[in-house]
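# Summary of the model geometry
Residues per chain, in single letters:
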Amino acid sequence: METLRLTPDIVMLRFAVGQAYLIRGGDGFALVDSGPAGSADAVLDALRACGARPGDLREIVLTHSHTDHTGSAADLAAATGATIAAGAADAPVIRGEAPEPPPVLLDWERPLFEAVTPTVPPAPPTPVHRELADGDVLDWGITAHVLHVPGHTAGSVAVHLPHARAVFTGDTVAEAEGRVIPGVFNTDRAGVLAALRRLAALETETACFGHGDPVLTGAAEALRGAARVG
C-alpha cells in the first residue's frame, strides 16, 4: 500500500485496486472506504504514522458496496471500535444479506471488468451501524455532509467537507490518464452522470476518487469539465 498526504488533514491510501482516505477530525480520525480484504494492518500502520492509536479511528464511511471498498471494514471496526456507515440502499449487500446487483457494462468496459474483478478478494459480511441518507451530517468534529449519489450502485454516497473545500466521490467519479471521468462499472450510467453534475456544482478545491489520482487544485472546474463531456 502507498500513502500520500494530500492536505495536512487528508491522507490517501492506495491499494493494488482502489484507494481509501484517512481524515483528521476534531477528535480523532475518520476513514472513507477501507480497501480490499486483507488491508486492515496496512491501514492501521498508516493511522499510527499519523501519530494516532487504533482507538482514534472513530468512523468508517463506505461510499458503496463493492468489495474493493468494503473488504477490510469489518476487521478495522473490530480492531479500533470504529462504527461503520454506508448508504441505506447498499447496506444489505455490505452486510451479506443481499447479492450485489451486477453492473450494466458498456462494450469497452467488459475487458477491463473481466481483468480486474478476479484480482479483488471477496469481502466478508460487514456490519453497518448507520445507514446514511442524503443530507446527513457526520459527527467528525468538523463539518462533513453526506450526498446520496446513486448510479454506480443504488446506495452510493459522497462526503463533502465544506470547510476544506474537499469532496470524496467514491466511484461516481474517477481519474484515468490525466482526465477526470465518470466512474465505470455502473448499475445506472444516467444516474452516474446526474450525480457527477451534482458534485460538479459544489465549490471544491480537492476531489478524492475511489480510483485514480486526486485533484488537489481546481477540483470544481475539473468536475464540471467531466460533466460537460459526460
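Below is a summary of the structure that appears in this document. Keep in mind it's a predicted model, so treat the numbers as computed, not measured. (Residues numbered from 1 in each chain as written. Predicted model: local features only at pLDDT ≥ 70, side-chain atom pairs only at ≥ 80, totals over all residues. Heavy atoms only, no water.)

Right, let's get into the nonpolar core. In this structure, Leu13, Leu22, Leu31, Leu57 and Ile60 are the most contacted members of the largest nonpolar core, which totals 26 residues. At the level of secondary structure, the elements contributing two or more residues to this core comprise strand S2 (10-14), strand S3 (19-25), strand S4 (28-32), helix H1 (40-49), strand S5 (57-62), helix H3 (73-80), strand S6 (83-87) and helix H4 (91-94). Per-element tally for this core: the top contributor is H1, with five residues. With residues up to four places along the chain from it excluded, the contact list for Leu22 reads Asp9, Ile10, Val11, Leu13, Phe29, Ala30, Leu31, Ala46, Leu47, Cys50 and Leu57. Of all hydrophobic cores here, the second largest spans 20 residues; its members include Leu6, Ile23, Leu132 and Val157. (Core = buried A, V, L, I, M, F, W, Y, C linked by side-chain atoms within 4.5 Å. Buried < 20%, exposed > 50% of the residue type's maximum accessible area, 1.4 Å probe, protein only. Helix = DSSP H or I, 4+ residues; strand = E, 2+ residues; numbered from the N terminus. Contact = heavy atoms within 4.5 Å.)

At their nearest, the axes of helix H6 (residues 189-200) and helix H7 (residues 219-229) sit 8 Å apart, and the two run at 150 degrees to each other. Compared by their axis directions, H6 and H7 come out roughly antiparallel. Relative to H7, H6 is oriented so that their crossing is left-handed. Where H6 abuts H7, its residues Leu196, Arg197, Leu199 and Ala200 lie against Ala220, Leu223, Arg224, Ala226 and Ala227. For the contact of H6 with H7, the per-class residue count stands at seven nonpolar, no polar and two charged. (Axes fitted to C-alpha atoms, helices over the stretch in contact; angles between N-to-C directions. Parallel < 35°, antiparallel > 145°, perpendicular 65-115°, else oblique. Left-handed = near helix turned anticlockwise from the far one by under 90°. Nonpolar A, V, L, I, M, F, W, Y, C, P; charged D, E, K, R; others polar.)

Just distances and angles here, no functional claims.
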